[in-house]
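# Overview (structure and organization)
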Amino acid sequence: MNEENLEHALRIISTRRNSARTQQEERIQEIETRIPEVVEINRQLFRTSRNLLEIIRDGGNVSEQVESLRRQNQQGQAMIRTLLEQHGYPADYLELHYTCEKCQDTGFFQGKTCSCLTELVAKLSAEKLNQSVRFEQCSFENFSLDYYKGLHTENGGSCYNAMERVLYFCREYARHFTPESPSILLFGKTGLGKTHLSLAIANQVLRWGYSVLYDSVINFLRQVEREHFGRASGDDDTLELLLSCDLLILDDLGTEFHSQFYQSTIYNIINTRMNRNRPTIISTNLNYDEISHQYDERITSRIYTNYNCYQFVGQDVRVLKRQQQLQHGNG
């Protein structure tokens, strides 16, 4: 684990623990004000405990008194729970409610790192990798189908209808996303909206609270390469983040430099995430034939057989926008 992210995560977990205690104290004060009977029951329980200490000090029959105290304590707690429910509160309203009940917001369970700490470190690491990505700029709402009107595919079909179906699928994919959702291949010529819809999906999935990693394939590969050959500072493990995040989005597949290390890494990412049943979204300007020509069969067979494939059609939206701006300027 990255030491900086680990320390940050431990601070967050410590804040959670302190917050849980503060909130419990506030609930206790609230109930003592609204249900005075609870105060009297707690006083009786306190007196019983004090009597036990006196018995232990004087050498009395401790075992019998402990059993008696246990029964009285259980009866008192049951009475408090009943009073809470009678007044419209949950029975466990006065208990400590941790964010992680497993480790009670310590970050460690049975001498080992708790899964909540591991997940939080991974989330912080993902945020660091994503810090240059402007997710909020791309949404489903600002994806305009107007740029596809009146255009036809090579087969004579309507570009508008085709892209309307792609937009609908991407919107529904994001709306119903789970870490077991299917993987997607978005392919088509440059400027047709692949990056926009990929970011729109990422934006929505992040709002659901899932971990998302987004960047170009070449940027991810370069970072993994630096860490693999010891040229990166720190103890980051980008590859493990890519393999384990809830949703991985690889933009611009095919623009990376061809090397055996890159090919092996791409295969490792695609294959491992497939085996872990983790979804991946790949966007590329390459068509089927170009993908098959550039990558070996191990990669292409997994994409073609395990990914839902959607083709983007039309004309370069960036060019069309520029033409509109020039027309408005001349007008």
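Residues numbered from 1 in each chain as written. Predicted model: local features only at pLDDT ≥ 70, side-chain atom pairs only at ≥ 80, totals over all residues. Heavy atoms only, no water.

### Quick word on the overall build of the protein chain
- Of regular secondary structure, the protein chain possesses 12 helices and 7 strands.
- Compactness check: the protein chain gives a C-alpha radius of gyration of 29 Å against a globular reference of 20 Å for 331 residues, more than 25% above the reference.
- Seen through its C-alpha atoms, the protein chain measures out along the principal axes to roughly 95 × 50 × 40 Å.
- By the burial criterion, 42% of the 331 residues in the protein chain qualify as buried.
- The contacts in the protein chain between residues at least 6 apart in sequence include a share of 78% that link residues at least 24 apart.
- When the accessible surface of the protein chain is totalled, it reaches about 19,100 Å², and 47% of it is carbon and sulfur. (Helix = DSSP H or I, 4+ residues; strand = E, 2+ residues; numbered from the N terminus. Rg over C-alpha atoms; globule rule 2.2 N^0.38 Å. Buried < 20%, exposed > 50% of the residue type's maximum accessible area, 1.4 Å probe, protein only. Contact = heavy atoms within 4.5 Å. Areas by Shrake-Rupley, 256 points an atom, 1.4 Å probe, with all protein chains shown as cover.)

### Thoughts on the pairing of strand β5 (residues 247-253)
- With 6 of 7 residues buried, β5 is to be regarded as a mostly interior element.
- In terms of strand pairing, strand β4 (residues 212-216) meets β5 through 5 bridges, oriented parallel. Bridge pairing in β5 places aspartate 215 opposite leucine 250.
- Pairing of β5 with strand β6 (residues 280-284), which is carried by 4 bridges, proceeds in the parallel orientation. Note that in β6 the partner of isoleucine 249 across the bridge is isoleucine 281.
- With helix α9 (residues 260-275) bridging β5 and the parallel β6, this β-α-β connection has right-handed handedness. (Pairing = 2+ DSSP bridges. Right-handed = clockwise from strand over helix to strand, strands pointing away.)

### What to know about helix α5 (residues 159-175)
- Its 17 residues place the ends of α5 24 Å apart at the C-alpha level, agreeing with the 24 Å of an ideal helix rising 1.5 Å per residue.
- Taken together, the buried positions of α5 are Cys159, Ala162, Met163, Val166, Leu167, Phe169, Cys170, Glu172, Tyr173 and Ala174.
- Contact partners of the buried residues in α5: β3 (183-187), α6 (194-207), β5, β6 and β7 (307-311).
- The backbone nitrogen of tyrosine 160 lies 3.3 Å from a side-chain oxygen of the residue at the head of α5, namely serine 158. (Expected span 1.5 Å × (residues − 1). Polar contact = N/O pair within 3.5 Å; in protein donor to acceptor, adjacent residues only side chain to side chain.)

### Structural notes on the sheet that holds β3
- Judged by pairing direction, the sheet is parallel, and its 5 strands sit side by side in the order β4-β5-β6-β3-β7 without closing on themselves. Since the sheet does not close on itself, it has two edges, and those belong to β4 and β7, each with one partner. The mean inter-strand angle of the sheet, taken between neighbouring strand axes irrespective of direction, is 15°.
- Against the sheet, α5 touches β3, β5, β6 and β7, its axis set at about 145° to β7.
- On top of the sheet, helix α11 (residues 297-306) reaches β3, β6 and β7; it is set at about 85° to β7, its chief contact. (Axes fitted to C-alpha atoms, helices over the stretch in contact; angles between N-to-C directions.)

### Here we look at the packing of aromatic side chains
- Within this structure, the stated rule accounts for 10 aromatic pairs.
- Centre to centre, the rings of phenylalanine 229 and phenylalanine 261 are 5.4 Å apart; their planes meet at 55°, and the pair counts as tilted. Highlighted residues: phenylalanine 229 in the loop between α7 (217-228) and α8 (238-244) and phenylalanine 261 in helix α9, separated in sequence by 32 residues.
- On the basis of relative accessibility, which here comes to 45%, the residue phenylalanine 229 falls in the partly exposed class.
- Their ring planes at 55° and their centres at 6.2 Å tell us that phenylalanine 261 and tyrosine 262 sit as a pair that is tilted. A single burial state applies to phenylalanine 261 and to tyrosine 262, both of which are buried.
- Connected via pairs of aromatic rings, a cluster forms that spans Phe169, Tyr173, Phe177, Tyr210 and Tyr310.
- Sitting above the plane of the tyrosine 267 ring, arginine 298 keeps its charged end 3.9 Å from the centroid. (Phe/Tyr/Trp six-rings, centres within 6.5 Å; stacked < 30°, edge-to-face > 60°. Lys NZ or Arg CZ within 6 Å of the ring centre and 35° of its normal.)

### So, the confidence of the model for the protein chain
- For the protein chain, per-residue confidence averages 87 on the pLDDT scale, and 91% of positions sit at 70 or higher.
- When the elements of the protein chain are averaged for pLDDT, helix α12 (residues 317-330) gives the smallest value, 70, and β6 the largest, 97. (pLDDT = per-residue confidence, 0-100.)

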